[in-house]
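The chain contents come next:
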Amino acid sequence: MNKNQLLSEPFLQLPTETSIQVVWFTEFFGTCHQVRYGEKLEKIVPARTSKLTRVREDAQSRTLEAYQSVTDREIWRHQAEITDLNPGEKIPYQVTSFQENTAIRSNIYTLTPRPKKGTNLKILLTSDHQLMPMTAANLQKVSETIGQVDAVFLAGDLVNIPDRASEWFDDSRGGAFFPCLQGRANYPLTKNGIQTIYKGGEIIQNAPLFPAIGNHEVMGRFSTSIDLNEQFKDAIPEFIAKKLAEDIAAINENWLKNHAFNTETYEEIFSLPQNKYYSLTFGDIYLVVLYITNIWRNPNLEPNARGRYYEKQRDLDRPERWGYGQHIFEPIAQGSPQYQWLEKELNSREFQEAKYKVVMFHHPPHTLGGNIVPPYTDPVQTIERDATGKVTSVRYDYPQENDYIIRDLIPLLESAKVNLVFYGHSHLWNRFLSRKGMNFLESSNVGNSYGAYLGDKKRPVPLDRNYAAIGNPNGLEAIIPNIAPLVDWVNQPLPYIASNDVTVFSILDTEKGTVSSYRFDTRYPDSEVIKFDEFDFFSIGEV
Ligand SMILES: [Fe+2]
């Protein structure tokens, strides 16, 4: 524990036209946590302090202090509301926490309330950071190339294990979540025998962050002894948790968080307009953020995998150990509470009058990446038994016609004339355009890639089912970048970037009405960042 410094620099949340929240973390309870702001830092606002309730470390944590087993970590969160602001004005601020009469201060940054309509904005579109090798380099190049952005839209998968504190704050490899987005990373990346230290970008101290929930924001069943990676994977559907419950009287919302899955740490760290899905106006943008993600299960068909298609052979007689396939955390099917909420949002005057209509969520509707298979739907379980009643196989099917994103969500977004659907999850860059002119962008080749599936590179799918081994199963063709695409070995332009050497970021520019994507080749640390694609928000489809 370090008592002489803040655990994070401050970051900005929840701007309104006259206010904004400043948030930071310490490893001490302390006193007099406050924000000073104004031209001479002459105004003071005290912060409210709370303690994170679930953050822990374990033997897999990469921390300076080694942990033998699952251990609680004491971390306090401070939040101050700055209220008397005017749109457009940028005001210096600094946070201070006192520890035993010693003032511990952050650097001085700039805050500004929510921009008015007509303000020219540059927004960073990013996702899937997860402490991956190129993340710090990526965010450093954002700062160096664009300067200060006005907001960050992050389509999920911020860290790997949400309850592991060090992944957010101080992973000893130097690339934790906050350091990368605050210019305080210290991440050595070695390419061709040359090491470069990347610092990330000083981004979220000066611009609000709007995240979506990815599968890596969801923690599974709670335990004080099982290691955190296992707890992360140990999420089960709520209806199964209820079935497995020993004491039915104990079942309530809190019980379900511990016995099915939860996003508690994510919700404790961020201050969002509503919790799990939300919407907001930001300048000329109306942003809708949805909670669309399912658990990732192993595509392996081996009998020893708790997979997406089969349960592990050894556990067939122990349903409490099953994974229940790639179950969905929050329904988005037509008629679900989230779908109904979305319908209302899309019917609101504020949405309909917005110049740029953007919808962000984690799971891809269109991609060449691996995670689009199997379809996004509730797993259909088939249990086979022998003559004695003993379970001999448990398998899961995902009927293509019940893909909730394609069947229910996309038609709704298209009829509402959404301009851009932004998502992540497969760790590559590719984009699509629907016939009605709705743009789809996955810009998740940030820290690493899990590849694109075209040509000879096939997704691992069971041979007896019709899941797409290559291409985008949902119909649209990936668009070849229109400025400077990468090329294959016979010099043909590629409709994607899926690379562990080349990192990509995208910028939404409300002045030009464009989304531009940039690439940086980490093998050549002195090379230029290259703008390789740019599309218009008001792309015209075929109809
Ligand atoms: Fe993901």
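What you are looking at is a predicted structure, and each value in this text was computed from that prediction instead of being measured.

S.K.: What is the right way to look at the packing of helix α8 (residues 337–347) against helix α10 (residues 404–415) in this model?
M.R.: For any two helices packed against each other, one specifies the crossing angle of their axes together with the interaxial distance. It is the contact of α8 with α10, at a shortest axis distance of 11 Å, that shows an interaxial angle of 5 degrees. Taken as axis vectors, α8 and α10 run roughly parallel relative to one another. Of α10, the residues touching α8 (which contributes Y339, L342, E343 and L346) are D408, L409, L412 and L413. A breakdown of the residues in the contact of α8 with α10 according to their chemical character gives six nonpolar, no polar and two charged.

S.K.: Whenever I open this one, the coordination of the iron ion confuses me. Can you help?
M.R.: Ideal geometry at a metal centre gives angles of 109.5 degrees when four donors are arranged tetrahedrally and 90 or 180 degrees when six donors are arranged octahedrally. Bound to the iron ion are the protein donor atoms D157 (OD), N215 (OD1), H362 (NE2) and H425 (ND1), situated 2.0 to 2.2 Å from the metal. One can describe the site at the iron ion as irregular: its four donor atoms subtend angles covering 87 to 163 degrees at the metal. Counting residues between consecutive donors of the iron ion along the chain gives the motif D-x57-N-x146-H-x62-H. Of this pair, H362 sits in the loop between β19 (356–360) and β20 (380–385) while H425 sits in the loop between β22 (420–423) and β23 (429–433), and the two are 63 residues apart along the sequence. Note on H362: relative accessible area 0%, which makes it buried.

S.K.: Can you help me understand the pattern of salt bridges in this one?
M.R.: Should the charged atoms of two oppositely charged side chains come close, the side chains can pair. Using the criterion set out here, one finds 31 salt bridges in the structure. For R73, the salt bridge goes to E57, with nearest N and O atoms at 2.6 Å. Note that R73 is positioned in the loop between β7 (71–72) and β8 (76–82) and E57 in strand β6 (residues 56–57), a separation of 16 residues in sequence. The same class applies to R73 as to E57, namely buried.

S.K.: Explain the sheet that holds strand β1 (residues 11–13) here, please?
M.R.: Consider a sheet: its strands pair through backbone hydrogen bonds, and that pairing is either parallel or antiparallel. Taken together, four strands build an open sheet; the order of strands is β1-β2-β8-β5 and the sheet is antiparallel. Two strands close off the open sheet at either side, each with one partner strand: β1 and β5 (48–51). Mean inter-strand twist for the sheet, computed between neighbouring axes without regard to direction, equals 30 degrees. In this sheet, strand β2 (residues 20–26) lies alongside β1 in antiparallel orientation, the contact comprising three bridges. Residue pairing for β2: L12 is matched across the bridge by V22.

S.K.: I keep staring at α10 and nothing clicks. Help me out?
M.R.: Along an α-helix, residues three or four apart share an orientation, since each turn contains 3.6 residues. With 12 residues, α10 ought to run about 16 Å at 1.5 Å a step, and its terminal C-alpha atoms sit 16 Å apart, in line with that. If you check which residues of α10 are buried, you get Y404, I405, D408, L409, I410, L412 and L413. On its buried face, α10 is in contact with α8, β19, β22 and β24 (439–443). Regarding α10, its N-cap is D403, as a side-chain oxygen of that residue lies 3.0 Å from the backbone nitrogen of I405 further along. Following α10 by one or two positions, K417 has its phi on the positive side, about 60 degrees.

The rules behind each value
- Residues numbered from 1 in each chain as written.
- Predicted model: local features only at pLDDT ≥ 70, side-chain atom pairs only at ≥ 80, totals over all residues.
- Heavy atoms only, no water.
- Axes fitted to C-alpha atoms, helices over the stretch in contact; angles between N-to-C directions.
- Helix = DSSP H or I, 4+ residues; strand = E, 2+ residues; numbered from the N terminus.
- Parallel < 35°, antiparallel > 145°, perpendicular 65-115°, else oblique.
- Contact = heavy atoms within 4.5 Å.
- Nonpolar A, V, L, I, M, F, W, Y, C, P; charged D, E, K, R; others polar.
- Donors = N, O, S within 2.8 Å, 3.2 Å for Na, K, Ca; no water.
- Tetrahedral: all angles 85-135°; square planar, octahedral: opposite > 155°, others 65-115°.
- Buried < 20%, exposed > 50% of the residue type's maximum accessible area, 1.4 Å probe, protein only.
- Salt bridge = Lys/Arg side-chain N within 4 Å of Asp/Glu carboxyl O.
- Pairing = 2+ DSSP bridges.
- Expected span 1.5 Å × (residues − 1).
- Polar contact = N/O pair within 3.5 Å; in protein donor to acceptor, adjacent residues only side chain to side chain.

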